[in-house]
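Report on the structure
Here's the letter readout for the chains.
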Amino acid sequence: MAVVCTFAMGGVAMAQTAPQQPQQQPPPQQPPQAQQPAPQPPPPPQQPYAPYPQQPYPPPQAYPPPQPYPPPQPYPAPYPAPSSHLHDGEVIGDFGVVGGMLAIDILTKNSFDNGGADTLMVIAGIGAGAGVGFALTENYPVDAAIARTTTTGLMVGAATGALLIQPTGADNPDSVLGLLVAGSAIGAAGGFAYGHAANLTAGQSTFISNMVLLGAATSLISVTIQNTYGTAQNTALLVGVDGAAALGALLAPQLDWSSHRAKLVFAGTMIGAFAGASIVSLATGQQNNTDSGDANILAAGLAGGLWGGFALAILATRDDMPDPKFLQHAGTPTAPATGAPMSMAPWVGPQGSMGMMMGGTF
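A short tour of the structure in this document, coming up. (Residues numbered from 1 in each chain as written. Predicted model: local features only at pLDDT ≥ 70, side-chain atom pairs only at ≥ 80, totals over all residues. Heavy atoms only, no water.)

**What to know about the packing of aromatic side chains**
- Considering all chains together, one arrives at three aromatic pairs under this definition.
- Aromatic side chains Tyr140 and Phe192 sit 6.2 Å apart centroid to centroid with 80 degrees between the ring planes, which places their arrangement in the edge-to-face category. Taken together, the residues span a long stretch of sequence, with Tyr140 in the loop between helix 2 (115-139) and helix 3 (144-163) and Phe192 in helix 5 (residues 173-198) at a distance of 52 residues.
- Using a relative accessible area of 43% as the deciding quantity, one classes Tyr140 as partly exposed.
- A ring pair is formed by Phe207 and Trp257, whose centres lie 5.4 Å apart and whose planes are at 85 degrees; its orientation type is edge-to-face. In this pair, Phe207 sits in helix 6 (residues 202-226) while Trp257 sits in the loop between helix 7 (231-251) and helix 8 (259-284), placing the two residues 50 residues apart along the sequence.
- In this structure Phe207 comes out as buried when scored by relative accessible area, which is 6%. (Phe/Tyr/Trp six-rings, centres within 6.5 Å; stacked < 30°, edge-to-face > 60°. Helix = DSSP H or I, 4+ residues; strand = E, 2+ residues; numbered from the N terminus. Buried < 20%, exposed > 50% of the residue type's maximum accessible area, 1.4 Å probe, protein only.)

Here it is as structure tokens:
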């Protein structure tokens, strides 16, 4: 029981209060119980380890004795130049020209007095010559060099036949055409055979054409300066054409010019001739005068421009790369002359392991 005392007006009052009921405490919370895992079956009993059967090593193999490396070659072996139908067509056309000239020669000696028959005869001659050229291209590989030497031979042969008219005394159409046909046929066949035998590059064959141009132009200019024509002048022209062709055929195999360089030199020769003639004409101021002295000066300037352009073009292209035929193998490792080459063999190790064995000189 609780007693409450109250102080009032100087007095003390005491009163009883009803006893308080004790407060009920909530029941303590139980911690959550962890879920028990499901029982696992017991593991199966382990089998006893069986050792892997050892395999015997293979017997050593007998290898052939090492072969020494061949000595490095400074230049690659000659390769066949790529052929083209365009080059085949050039050869076929050259021999077609010879066949057409032969047909005209035959018509000159035995005329049919019929325009249609004469035309058919010329067409037949061109076809026969073209057939000969086609047979050659089918049996022999033709590249740019062979096609160019054939064309150059045709031109040199025809020029030689024309220059033989005066020494031989040919004074009728039959004999003149005979000389032209014979020279053209010999020149075309000789140019084709020479191109195959010499195994030239395109640049070397262009050099021969350039030499023929220089020789023919120089001899013609010299005859023009003399202002007369006779046996001496005809001989000079003959020597200029055939001599230049022979000199070019001798020098061409010694050159390593690429096709690009040979074409630049040929263009330089032509540009030099034009420049020489123009400079002389402007210097004299008599380009419209027909005086023989001025004509000789102009001819001399033309000849000087030819050879000057030829020489300057050679100097200007001296740093050009040579033809691929003359290039060394780039990046080819040079192996020692002695030493075993690298060899590899299969290898089987313990427990089934496999690999490769490698040996040699490194």
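**Considerations on the side chain of Asp143**
- Mapping Asp143 onto the fold places it in the loop between helix 2 and helix 3.
- Separated by 3.0 Å, the side chain of Asp143 and the backbone nitrogen of Ile146 make a polar contact. (Polar contact = N/O pair within 3.5 Å; in protein donor to acceptor, adjacent residues only side chain to side chain.)

**Overview of the packing of helix 6 against helix 8**
- Their axes nearest at 7 Å, the elements helix 6 and helix 8 cross at an angle of 15 degrees. When the interaxial angle is binned, helix 6 and helix 8 end up roughly parallel. When the axes of helix 6 and helix 8 are compared, the crossing they make is left-handed. Residues Ala202, Gly203, Thr206, Ser209, Asn210, Leu213 and Leu214 of helix 6 lie in contact with helix 8, whose contacting residues are Ser259, Ala262, Lys263, Val265, Phe266, Thr269 and Met270.
- Class assignment for the residues of the contact of helix 6 with helix 8 results in seven nonpolar, six polar and one charged. (Axes fitted to C-alpha atoms, helices over the stretch in contact; angles between N-to-C directions. Parallel < 35°, antiparallel > 145°, perpendicular 65-115°, else oblique. Left-handed = near helix turned anticlockwise from the far one by under 90°. Contact = heavy atoms within 4.5 Å. Nonpolar A, V, L, I, M, F, W, Y, C, P; charged D, E, K, R; others polar.)

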